[in-house]
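Here are the chains, one letter per residue:
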Amino acid sequence: MTIKNKLNIAVIGATGYTGLDLTYLLSTHPKVSIKYLCATKNLGKEISYFDSRIKKKLPKITSLKSLNWKNLDLAFLSLPNGEAQKLINKTFFKFKKLNYIDLSADFRIKNPNTYKKNYKITHKAKKLIKKSIYSISEFNKEKIKKFRIISNPGCYPTSIQLPLIPLIKKRLIKLDNLTIDSKSGYSGAGKNIEKKFKHKNLYNSTYAYSTKNHRHIAEIDQEFSKSTKKKISFTFNPHLIPTFRGILSTIYLDINKKSSLKKIREELIKYYKNSPFVKIHKLNTEIGSGNVMNTNNCEISICQTRVKNKIIIFSAIDNLVKGASGQAIQNMNLLYDFLETDGLK
C-alpha cells in the first residue's frame, strides 16, 4: 500500500462489460489507486471512451507487458475462462504480497476434472486451486482474509445461493425437486453474445437455453454440498431476456412440515442482519430486477402459492454488480478490512 494508505490495483480485462463496471465503481472507491487498466485492444485510449460514467482521470489502456507487478497490491482479473489461471500461475510465487480477485470461472470449481468437463479447458494451475477461496461475500467475511486468490462467483449462482444456503443449513426446506428458473439481461453473455446466440430477434425476445448442462450447475452443486450431506435435487433453467442488465431467479420449492413462510423469512432476516446488501421483503411482495439495477443489492421475497407447503422465493440482483464487479469489490473490502460498503453505496 502507498503512503496515502491506498491499494495499488490493476484491472486486467478493463473494457468488457464487467471490466467497465468494475473500473467505474473502483474509480469512486476511497481506498484504492488504479495504476493499470489492461486490455488486448484499443491500447492508448481513455477508458471513458467506452463508459461515459467514468469521470475520474485514470491511466490509459495498456497491454499486460507494461504492467509492473512489483508496484501492485491487488489485481482484478476480468478475463475469458482459462486466461486468469495462466497469469496467476506465472506470478503467484514470484510476487508474494500480490493478491488476486478472479471474476472468471477459473478457480470456482475445486475439482479440475469437473472444470475441464464444463469449460473444455485443462486447468493450468491445479496446485493453486487449494490456495483459492470461492467467495460469496456474505458467507466468507472472515475466512476470506486467509487467501490470496479470491474466486468471484457466477451471477446466477449468487442469486440462487443467497436465499437458499441459510435455509438448507437450517433444514427448513425439502431438498428434492427444487426448480430454479432464472432470467438474465443479455449483458451476462458478454460482448460476444451474437457469436454465442444465433436466434432471431436476439435483443427483443426471451430465450431459454442450456437447461440440462449450463456451466453454473456444477458451481451450484458444489456449493450446495458444503451446506448439507444430503443430495439436493434441482433443475436449473436459465433464460436471456430483452434487457441489458439484471437477474431475477424464481425458485420453486417445498417446505418441511415444521416450517412456514414466516419462519423462512425470519431465518433469512436473522442470517443477513449484518449484511448491508441483502434485503428481505415482506411476505408475498412482488419484486423485479428494476430496484437492484446498478447496485450491489440482492432483494429477496418469499411468496405463498395455491399448493399447500409449496412456496416461491424470488431473488433479484444486478448480474454485472452483485453478480460480478460489485461483489468483487465487496470481497476486496473484506480482504483488506475496509468498510464493506466502500465504493458500493
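### A few points about the overall build of the chain
Within the chain, the secondary structure is distributed over 8 helices and 14 strands. When its C-alpha atoms are laid out on the principal axes, the chain stretches across 60 × 45 × 40 Å. Here the chain holds 345 residues, and 57% of them are scored as buried. The contacts in the chain between residues at least 6 apart in sequence include a share of 71% that link residues at least 24 apart. Accessible surface computed for the chain: about 16700 Å², of which carbon and sulfur atoms make up 50%. Averaged over its 64 positive side-chain charges, the chain has a centre that lies 5 Å from the centre of its 24 negative ones.

### Quick notes on the packing of aromatic side chains
Enumeration according to the criterion identifies 12 aromatic pairs in this entry. Ring centres of Tyr115 and Tyr119 lie 5.1 Å apart, and the angle between their planes is 25°; on these two criteria the pair is classed as stacked. Of this pair, Tyr115 and Tyr119 are both found in helix α3 (residues 112-119), 4 residues apart, which corresponds to roughly one turn of the helix. An identical accessibility class is assigned to Tyr115 and Tyr119; each is buried. Geometrically, the ring pair formed by Tyr271 and Tyr272 is edge-to-face, given 4.9 Å between the ring centres and 70° between the ring planes. Among the residues examined, Tyr272 registers a relative accessible area of 3% and is labelled buried.

### A short note on the sheet that holds strand β6 (residues 132-134)
One open sheet holds the 7 strands; their spatial order is β3-β2-β1-β4-β5-β7-β6, and the pairing between them is parallel. Looking at strand neighbours, the two that pair on one side only are β3 (61-62) and β6, the edges of this open sheet.

### Thoughts on the side chain of Ser182
Along the chain, Ser182 turns up in strand β8 (residues 178-185). What makes Ser182 buried here is its relative accessible area of 0%. At 2.6 Å, the side chain of Ser182 and the side chain of Ser249 are in polar contact. The residues touching Ser182, leaving out its near neighbours within four places in the chain, are Tyr156, Ile160, Phe236, Asn237, Pro238, His239, Leu248 and Ser249.

### Comments concerning the nonpolar core
Where a protein is soluble and globular, its nonpolar side chains tend to be buried together. Residues Leu164, Ile173, Phe224, Phe234, Leu253, Ile264 and Ile313 are the most contacted members of the largest nonpolar core, which totals 39 residues. Ranked by the residues each element gives to this core, the list is headed by helix α4 (residues 155-169), at 8 residues. Non-local contacts of Ile313, meaning those with residues more than four positions away in its chain, are made with Pro163, Leu164, Leu167, Ser249, Thr250, Ile251, Leu253, Ile300, Ser301 and Ile302. Residues Leu25, Leu58, Val321 and Ala328 belong to the second largest nonpolar core, which totals 35 residues.

### A short note on the state of the cysteines
Under the definition given, this model contains 0 disulfides. No disulfide involves Cys298; its sulfur sits 13 Å from that of Cys155, the nearest cysteine.

### Some remarks on the side chain of Arg148
Summarising the element assignment, Arg148 is placed in the loop between β6 and β7 (149-151). Within the buried core, Arg148 has no salt-bridge partner, and the shortest N-O distance to an opposite charge, that of Asp73, equals 11 Å. Here the side chain of Arg148 touches Phe95 through a polar contact of 2.8 Å, landing on its backbone oxygen. Not counting residues up to four positions away in its chain, the partners in contact with Arg148 are Phe92, Phe95, Lys96, Leu98, Asn99, Tyr100 and Lys131.

Rules and cut-offs
Residues numbered from 1 in each chain as written. Predicted model: local features only at pLDDT ≥ 70, side-chain atom pairs only at ≥ 80, totals over all residues. Heavy atoms only, no water. Helix = DSSP H or I, 4+ residues; strand = E, 2+ residues; numbered from the N terminus. Buried < 20%, exposed > 50% of the residue type's maximum accessible area, 1.4 Å probe, protein only. Contact = heavy atoms within 4.5 Å. Areas by Shrake-Rupley, 256 points an atom, 1.4 Å probe, with all protein chains shown as cover. Lys, Arg positive; Asp, Glu negative; His and termini not counted. Charge placed at Lys NZ, Arg CZ, Asp CG, Glu CD. Phe/Tyr/Trp six-rings, centres within 6.5 Å; stacked < 30°, edge-to-face > 60°. Pairing = 2+ DSSP bridges. Polar contact = N/O pair within 3.5 Å; in protein donor to acceptor, adjacent residues only side chain to side chain. Core = buried A, V, L, I, M, F, W, Y, C linked by side-chain atoms within 4.5 Å. Disulfide = S-S within 2.5 Å. Salt bridge = Lys/Arg side-chain N within 4 Å of Asp/Glu carboxyl O.

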